[in-house]
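For reference, the chains in residue letters:
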Amino acid sequence: MSDVPLLSIDGLTTHFRTERGVVRAVDGVSFDVRSGETVAVVGESGSGKSVTALSVLRLIADPPGRIVSGEVRFDGVDLVTLSDPEMRAVRGNRIAMIFQEPMSSLNPALTIGMQVAEPLNRHRGMGWPEARRHAVELLRKVQIPDPEKRLDSYPHQFSGGMRQRVMIAMALACGPRLLIADEPTTALDVTVQSQILSLLKALTRETGAALILITHDLGVVARYADRVNVMYAGRIVESGPAGAIYARPRHPYTRGLMASIPRLDGDVGRRLVPIPGQPPDLAALPAGCPFAPRCVNVMDRCRVERPPLAPVDPTHSKACWSDV
Amino acid sequence: MSEPTDTILQVENLKVHFPVTQGIVIKKEVGRVRAVDGVSFTLKRGETLGLVGESGCGKSTTGLAILRMLPVTEGRILFEDEDIAPMEGRQLRAMRRRMQMVYQDPYGSLNPRMTVDDIVSEPLEVHGLGGTKAERREKVSALLELVGLRRDMGSRYPHEFSGGQRQRIGIARALAVEPALVICDEPVSALDVSIQAQVVNLFEELQERLGLSYLFIAHDLAVVRQISDRIAVMYLGRIVEIATRDALYREPLHPYTQALLGAIPIPDPEIEKARDFQPIVGEVPSAMRPPEGCRFHPRCPHAMAKCKVELPPLVEMADGRAVACHLHPG
């Protein structure tokens, strides 16, 4: 792991213009990712975790969405300022993405071989025969049995888990420096989930690529992530090494999440402690801290002034006025 | 939790097979999906039985077959000591008042064109309960309050509610006819983490207040552990292990139960480091062509020669536990 971050997101703000007003989906998000590191972005639906990932890859449809401000420095270059052709040369090449839905993210009309070979043809200028030979190796790497035979199959002939392996093979084709996996296993069965995540972790370890893991599952984060960013209402509310965040969560939302999930090793017969209320409407955010209406430690200041993400120690930060 | 006294539901050798046909004019059966293939269990009054397994294991089909929303191929379903498998017509409708279902999808299971009042009072009308219109309205308001919504929310439409609130509406609808048994099919898996706990707690509170019995179908073993007294683990249409909650999680005996528990990460990086997790191989095969012998043998790390040819029966062991595995012949 080097000291210079591979990816440095600084003040990223993405808005969507809707009939109901401006939705502040990502509202000033900053974090770094270093080579070889697995960084989790964890949050519930509407927290802005997926829009953060899509903004990094400039995959926000405009209109209605737009990156309003902020920088996304990757290898020293601000991706936000790149032209569309320059950005296309980065996507699927040096940064690759794995989506949640292995069913709808593959083209049903093209063979698996075509789809895995495409990034090699496009970004590496490889001829199709050579790209196909590489595709066999990639499918073998993601542990698809009989890769030579499966090359001419179509997505519908694969199970959900196998399709997600194909997605990983496609993402790895050009040897990306950064992989972004957005809920990569949410649509899969439990035993297959763990196969896919373990494979993803092993492959990034082998290639030294960095991995951004976007998930709502605190168990998955604990098993695979080095660093964690907890998002709520478009902002990072807590950030730090996984060990520190789980041992001593500092933000009331993080603490609330941990108390509300049932665990395999939890006390039996004890009621869960839910977080009261509902997540906020991103088109009508309250003044001050967006978590204040649901917070057990809320103070007067929280309702008027937004807390910045500030360090509690050199590696761990929280956006909260309370000292609890 | 209330003390279970007697058996409310007894399922014996339940089979639900779906024929696979070929041909348009002359249909020919070319195969069968054995979605549920010989499932037996009992549920006591006031108890929660968790039914867990991966997609395609037959857990939802089992739930639907018990409600007779799918044709039963074979087997007996004794509900309050009466076999409901052969029932038809009015008899079946009367029985359904005693057992209700809560569905997974809080968006798709509520009619968007009906108000909450109409949604919750519809089962009362169907079963000729609830008296006058005014009495029904009053009953609906009480039900909304019972599930943690405001009495005055009845005039709203489903789209005005969040996922968690919609699931509460679905629960109110199920409870309207005062059932004894509620079959919950993945009732919290579509909800956000912070909302899941609210709904799980609601299920627990309602059980205490109303003495309900739950068949709780889910894939999330941590949620199932929270809510269940006993748990049945299904794989490819069969129960492979059934045990009390504490026994199952402390000492899972079937290799599939062990694999399922191992696959679920514990939200603590220190514990995860110490666990040194190794995923099991393969995926669930098609229920149309289940493997010979033990259905789990192609993925089982302990498979023996016998497992490839002989289907292990579910063998009763001490304290109500049962396992279907040649490693545990009883």
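All values reported here derive from a predicted model rather than from experimental measurement. (Residues numbered from 1 in each chain as written. Chains lettered and ligands numbered in written order. Predicted model: local features only at pLDDT ≥ 70, side-chain atom pairs only at ≥ 80, totals over all residues. Heavy atoms only, no water.)

Asker: Describe the overall build of chain A, and please don't skip the residues or the numbers.
Answerer: On a plain count of helices and strands, chain A comes out with ten helices and twelve strands. Over its C-alpha trace chain A gives a radius of gyration of 21 Å, about what one expects of a compact globule, namely 20 Å for 324 residues. Principal axes of the C-alpha set define a box for chain A whose edges measure 65 × 50 × 40 Å. For chain A, with 324 residues in total, the buried portion stands at 54%. The long-range share in chain A, meaning contacts at least 24 apart out of those at least 6 apart in sequence, stands at 64%. When the accessible area of chain A is evaluated, it comes to approximately 13,600 Å², of which 52% is carbon and sulfur surface. Charged side chains in chain A number 38 positive and 34 negative. The centres of these two groups are separated by 1 Å. (Helix = DSSP H or I, 4+ residues; strand = E, 2+ residues; numbered from the N terminus. Rg over C-alpha atoms; globule rule 2.2 N^0.38 Å. Buried < 20%, exposed > 50% of the residue type's maximum accessible area, 1.4 Å probe, protein only. Contact = heavy atoms within 4.5 Å. Areas by Shrake-Rupley, 256 points an atom, 1.4 Å probe, with all protein chains shown as cover. Lys, Arg positive; Asp, Glu negative; His and termini not counted. Charge placed at Lys NZ, Arg CZ, Asp CG, Glu CD.)

Asker: Break down helix H1 (residues 59-66) of chain B for me, citing the residues and quoting the values.
Answerer: Of all eight residues in H1(B), six are buried, a share of seventy percent or more. Looking one or two residues beyond H1(B), the residue adopting positive phi is B:Arg68, at roughly 60°.

Asker: Can you break down the sheet that holds strand E5 (residues 82-83) of chain B residue by residue, with the values?
Answerer: All names here are of chain B. Strand order in the open sheet made by the four strands is E2-E1-E4-E5, with antiparallel pairing throughout. Each edge of the sheet is formed by a strand with only one pairing partner; in this case those strands are strand E2 (28-44) and E5. For strand E1 (residues 7-22) and E2, the ladder comprises 13 bridges, and the chain directions are antiparallel. Counterpart to Val11 in the pairing with E2 is Phe41. (Pairing = 2+ DSSP bridges.)

Asker: Lay out unusual backbone geometry in plain terms, naming residues and giving numbers.
Answerer: Across the junction of A:Asp62 and A:Pro63, the peptide omega takes the value -10°, indicating a cis bond. Put simply, A:Pro63 and A:Pro64 share a cis peptide bond, and its omega is 10°. Checked against the element boundaries, A:Pro64 lands in the loop between helix H1 (49-56) and strand E4 (65-74). Positive phi outside glycine occurs at B:Glu178, with the angle close to 50°. Along the chain, the position of B:Glu178 falls in the loop between helix H5 (163-175) and strand E7 (181-185).

Asker: I'd like a description of the domain arrangement of chain B, backed by residues and values.
Answerer: All names here are of chain B. Looking at chain B, the domain boundaries give domain 1 (7-98 + 179-323) and domain 2 (99-178). Computed from C-alpha atoms alone, the centre-to-centre distance between domain 1 and domain 2 is 28 Å. Interface area for domain 1 against domain 2, summed over the two sides, is near 2,300 Å², with a carbon-plus-sulfur share of 69%. Per-residue buried area on domain 1 facing domain 2 is highest for Arg97, Pro179 and Leu202; these three make up 25% of the total on that side. Between domain 1 and domain 2 we count zero salt bridges in total. Linking domain 1 to domain 2 there are ten residue pairs in polar contact (both at pLDDT 80 or more). (Domains from an automatic or database assignment. Buried area = accessible area lost by both parts, 1.4 Å probe. Salt bridge = Lys/Arg side-chain N within 4 Å of Asp/Glu carboxyl O. Polar contact = N/O pair within 3.5 Å; in protein donor to acceptor, adjacent residues only side chain to side chain.)

Asker: Just give me the short version of the nonpolar core, but keep the residues and values in it.
Answerer: Core analysis: the biggest nonpolar cluster contains 67 residues, and B:Val120, B:Ile171 and B:Phe203 have the highest contact counts within it. Ranked by the residues each element gives to this core, the list is headed by helix H6 (residues 193-210) of chain B, at seven residues. Excluding anything up to four places from it in sequence, B:Val120 contacts B:Val140, B:Leu143, B:Leu144, B:Ile169, B:Ala172, B:Arg173 and B:Ala176. Ranked by size, the runner-up nonpolar core spans 60 residues in total, among them A:Ile60, A:Val72, A:Val90 and A:Cys295. (Core = buried A, V, L, I, M, F, W, Y, C linked by side-chain atoms within 4.5 Å.)

Asker: I'd like to hear about the interface of chain A and chain B, residue by residue, with values.
Answerer: Much of the literature gives interface size as the accessible area that the parts lose upon coming together. Contacts between the two partners involve 43 residues from chain A and, on the opposite side, 44 residues from chain B. Regarding the contact of chain A and chain B, the summed buried area is about 3,800 Å², with carbon and sulfur atoms giving 56% of it. It is A:Arg223, A:Leu264 and A:Arg271 in chain A that bury the most area against chain B; as a group they hold 22% of the surface buried on that side. Run the count over chain A and chain B and you get four salt bridges. Across the pair A:Arg271 and B:Glu208 runs a salt bridge, and its minimum N-O distance is 2.7 Å. Seen at the junction of chain A and chain B, the total is 24 residue pairs in polar contact (both at pLDDT 80 or more). Counting residues per element, the ones that place at least two in the side of chain A that touches chain B are helix H6 (160-172), helix H7 (190-207), helix H8 (218-224), helix H9 (242-247) and helix H10 (252-260) of chain A. For the side of chain A that touches chain B, the residue count by class is 19 nonpolar, 16 polar and eight charged. (Nonpolar A, V, L, I, M, F, W, Y, C, P; charged D, E, K, R; others polar.)

Asker: Residues and numbers for the sheet that holds strand E9 (residues 227-232) of chain A, please.
Answerer: All names here are of chain A. On the basis of which strands lie adjacent, the open sheet formed by eight strands has the order E6-E7-E8-E3-E9-E10-E12-E11 and mixed pairing. If you trace the sheet from one side to the other, it starts and ends with strand E6 (95-98) and strand E11 (310-313), each paired once. Each adjacent strand pair in this sheet contributes to an overall mean axis angle of 20°, direction not counted. Across six bridges, the pairing between E9 and strand E10 (residues 235-241) is antiparallel. Bridging from a neighbouring strand, Arg227 pairs with Pro241 of E10. On top of the sheet, H6 reaches E6 and strand E7 (178-182); it is set at about 175° to E6, its chief contact. (Axes fitted to C-alpha atoms, helices over the stretch in contact; angles between N-to-C directions.)

Asker: With reference to specific residues and values, describe the pattern of salt bridges.
Answerer: Counted according to the given criterion, the structure contains 39 salt bridges over all chains. Linking B:Glu204 and A:Arg271 is a salt bridge whose minimum nitrogen-to-oxygen distance equals 2.7 Å. Placement of the pair is B:Glu204 in helix H6 and A:Arg271 in the loop between H10 and E11, with the two residues belonging to separate chains. A relative accessible area of 9% places B:Glu204 in the buried class. A:Arg271 gets classed as partly exposed once you look at its relative accessible area, which sits at 29%. B:Arg275 serves as the salt-bridge partner of B:Glu272, at 2.9 Å between the closest nitrogen and oxygen.

Asker: Which residues make up the environment of B:Glu205, and what values do they have?
Answerer: Within the secondary structure layout, B:Glu205 lies in helix H6. Residues B:Glu205 and B:Leu146, spaced 59 residues apart in sequence, show a C-alpha to C-alpha distance of 9.8 Å.

Asker: Break down the pairing of E10(A) for me, with residues and values.
Answerer: Residues and elements named next belong to chain A. In terms of burial, E10 is largely enclosed, as six of its seven residues are buried. Two successive antiparallel strands, E9 and E10, enclose a turn made up of two residues, where Ala233 displays a positive phi of approximately 50°. Relative to strand E12 (residues 316-318), E10 runs antiparallel, the two being bridged by two bridges. When the sheet's bridge partners are listed, Glu238 is paired in E12 with Lys318.

Asker: Hey, could you go over the packing of aromatic side chains for me, with residue numbers and the actual values?
Answerer: As enumerated under the stated definition, the model contains eight aromatic pairs over all chains in all. A ring pair is formed by B:Phe203 and B:Tyr214, whose centres lie 5.4 Å apart and whose planes are at 90°; its orientation type is edge-to-face. Residue B:Phe203 is found in helix H6, and its partner B:Tyr214 is found in strand E8 (residues 213-218); the two are separated by eleven residues along the sequence. As far as the burial class goes, B:Phe203 and B:Tyr214 line up, both buried. Three or more aromatic residues link up through ring pairs in this structure, and these residues are A:Tyr232, A:Tyr253 and A:Phe291. Geometry around A:Trp321 places A:Arg301 over its ring, the cationic atom sitting 3.5 Å from the centre. Its end group placed over the ring of B:Tyr249, B:Arg225 keeps NZ or CZ at 5.7 Å from the ring centre. (Phe/Tyr/Trp six-rings, centres within 6.5 Å; stacked < 30°, edge-to-face > 60°. Lys NZ or Arg CZ within 6 Å of the ring centre and 35° of its normal.)

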